[in-house]
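# Structural description and commentary
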Protein chains: 2
Amino acid sequence: MAKILITSGPTRQYLDPVRFLTNASSGQMGAALAQAALASGHAVTIVTGPVHLDYPSAATVVHVVTTQEMLEACYRLFPDCDGLIGAAAPCDYRPTNVAATKIKKTGEPFNLELVETDDVVASMGRIKTPHQWLVGFALETDDARYRALTKLQQKCCELVVLNGPSAIDSKDNAVEVINSQGDVVLSHSGTKLEVAQHIIKLVDAQLILGNQANLLR
Amino acid sequence: MAKILITSGPTRQYLDPVRFLTNASSGQMGAALAQAALASGHAVTIVTGPVHLDYPSAATVVHVVTTQEMLEACYRLFPDCDGLIGAAAPCDYRPTNVAATKIKKTGEPFNLELVETDDVVASMGRIKTPHQWLVGFALETDDARYRALTKLQQKCCELVVLNGPSAIDSKDNAVEVINSQGDVVLSHSGTKLEVAQHIIKLVDAQLILGNQANLLR
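Anyway, here's the lowdown on the structure attached to this text. (Residues numbered from 1 in each chain as written. Chains lettered and ligands numbered in written order. Predicted model: local features only at pLDDT ≥ 70, side-chain atom pairs only at ≥ 80, totals over all residues. Heavy atoms only, no water.)

### A few points about unusual backbone geometry
A negative phi holds for most residues other than glycine; trans holds for most peptide bonds. Phi at Asp169 of chain A is positive, roughly 55 degrees, even though this residue is not glycine. Of note, Asp169 of chain A is situated in the loop between strand 10 (159-163) and strand 11 (172-179). Exposure remark for Asp169 of chain A: the relative accessible area of 37% places this residue in the partly exposed category. Even without glycine at this site, Asp143 of chain B takes up a positive phi of about 45 degrees. (Helix = DSSP H or I, 4+ residues; strand = E, 2+ residues; numbered from the N terminus. Buried < 20%, exposed > 50% of the residue type's maximum accessible area, 1.4 Å probe, protein only.)

### Focus on the sheet that holds strand 3 (residues 19-23) of chain A
Pairing within the open sheet is antiparallel, and its 4 strands lie in the order 2(A)-3(A)-3(B)-2(B). Looking at the sheet topology across the chains shown, the edges are occupied by strand 2 (13-14) of chain A together with strand 2 (13-14) of chain B. Here strand 2 of chain A runs beside strand 3 of chain A; their pairing, made up of 2 bridges, is antiparallel. Directly across from Tyr14 of chain A, in strand 3 of chain A, lies its bridge partner Phe20 of chain A. (Pairing = 2+ DSSP bridges.)

### Examining the nonpolar core
Within the largest apolar cluster, 33 residues are counted, with the highest numbers of intra-cluster contacts made by Leu33, Ile85 and Ile199 of chain A. For this core, the secondary structure elements donating two or more residues are strand 1 (3-8), helix 1 (28-39), strand 4 (43-48), strand 9 (133-139), strand 10, strand 11 and helix 5 (192-216) of chain A. Among the elements that make up this core, the one with the highest residue count is helix 5 of chain A (8 residues). Setting aside its immediate chain neighbours within four residues, Ile199 of chain A contacts Met29, Leu33, Phe137, Val161, Val177 and Leu186 of chain A. One finds Ile46, Leu159, Leu186 and Val203 of chain B within the second-largest nonpolar core, a separate group that totals 32 residues. (Core = buried A, V, L, I, M, F, W, Y, C linked by side-chain atoms within 4.5 Å. Contact = heavy atoms within 4.5 Å.)

### Thoughts on the interface of chain B and chain A
Each partner contributes to the interface: chain B provides 40 residues, whereas chain A provides 40 residues. Summed over both sides, the interface of chain B with chain A buries roughly 3,600 Å², with 56% coming from carbon and sulfur. The largest contributions to the chain B side of the interface with chain A come from Tyr93, Lys105 and Glu116 of chain B, which together make up 16% of the buried area. Counting every contact that joins chain B to chain A gives 6 salt bridges. For Arg19 of chain A, the salt bridge identified is with Asp92 of chain B, shortest N-O distance 2.9 Å. At the surface where chain B touches chain A, the tally comes to 20 residue pairs in polar contact (both at pLDDT 80 or more). Looking at the side of chain B that touches chain A, the elements with two or more residues in it are strand 3 (19-23), strand 8 (110-116) and helix 4 (144-154) of chain B. In terms of residues, the side of chain B that touches chain A owes the most to one element, strand 8 of chain B, which gives 7 residues. Here the residues of the side of chain B that touches chain A sort into 16 nonpolar, 9 polar and 15 charged. (Buried area = accessible area lost by both parts, 1.4 Å probe. Salt bridge = Lys/Arg side-chain N within 4 Å of Asp/Glu carboxyl O. Polar contact = N/O pair within 3.5 Å; in protein donor to acceptor, adjacent residues only side chain to side chain. Nonpolar A, V, L, I, M, F, W, Y, C, P; charged D, E, K, R; others polar.)

Here it is in structure tokens:
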């Protein structure tokens with residue numbers, strides 16, 4: 001039994017009290033991973049942005065809005081977990097300035113200055129101990145495998161799950177899981193629950209049982 | 001019996017295939033207005049952005065994503081309707097350029113140039129006939145009544161419903177309805193269905209029955 005932290009859903013970065021940047025991540029992949037991990041006997045904590053679904057009641061759920069809040073929740077929760085699966089799609093840009101009142105239309109174009117948010121999985125990659133593991137997600141539209149492997153390396157992940165924009169807010173997903181050698185160790189299309197079951201089986205075999213075997217040596 | 005067009009929910013303006021600007025409008029106010037209008041014996045068509053709720057099955061529902069799509073649907077549908085209630089929160093800025101592939105993080109800030117989208121209710125205000133009516137919504141954070149009345153005048157509305165950000169994605173709403181003389185003709189707090197029932201009652205009394213009386217003169 002492992003303690004698994006799962007990030008899930010989108011985050012929001014507000015420009016003003018009404019408007020925000022986000023993406024259409026629904027939390028379905030995170031919910032499916034939680035269900036599969038619970039069924040494998042693991043304890044699951046989910047850090048989720050705003051979504052319109054119910055997570056498994058056996059999971060502990062922490063609600064956040066912004067990427068910074070997701071990051072802070074992970075800094076607090078990850079040290080007590082064995083691993084993290086980063087299924088969330090945190091908003092990776094935020095406006096430099098957030099207006100206190102609703103921005104008024106003037107008829108003129110305006111420039112919104114955006115800066116990058118801190119990367120949640122990469123941040124956990126910098127604090128993880130040798131016995132903790134990370135599974136990242138990469139959603140790519142071009143040079144997909146190359147970019148996914150680059151993300152795995154930059155974020156110190158053991159595995160990265162590569163999928164495309166068609167996964168967003170869909171019941172189905174088609175993924176490739178790539179390891180740190182760049183090998184495709186799993187390739188599966190199906191419902192998000194089926195995909196999640198395969199990912200958890202792989203995590204069980206390669207990261208959790210592997211870690212326990214390492215600890216026994 | 002009138003034919004009522006209701007706009008509902010948010011719209012999205014994409015920066016690239018994944019990220020977009022939007023707001024947290026849930027479509028609940030539009031759904032409540034549809035329910036109240038149907039209960040008053042009217043025919044209802046809803047033009048809605050992406051939401052996670054079910055509209056009344058007796059309404060005709062047209063799904064759109066962007067503000068331009070909502071506008072085009074209204075240009076097509078409004079001429080055949082008696083009136084429009086603009087309960088949607090269309091995204092009122094769009095990126096000048098939409099990237100064909102996911103924008104890559106570089107570590108540097110970047111400027112997103114935004115231009116205003118065409119206003120849906122104001123556009124209908126420019127094409128409406130003397131027998132058609134418009135009810136706008138204004139969501140204001142400051143100078144609320146003044147801005148709401150300005151919107152009513154600019155958009156050629158008969159009535160404007162003023163509410164605040166607390167209405168967004170909430171089961172409840174607190175509204176003031178202002179007429180073209182600037183009088184507050186309705187003030188109500190309660191569930192969105194209760195608020196919707198009061199608005200439809202007002203529309204029935206002041207716009208639909210009024211129009212029919214005018215036609216009989």
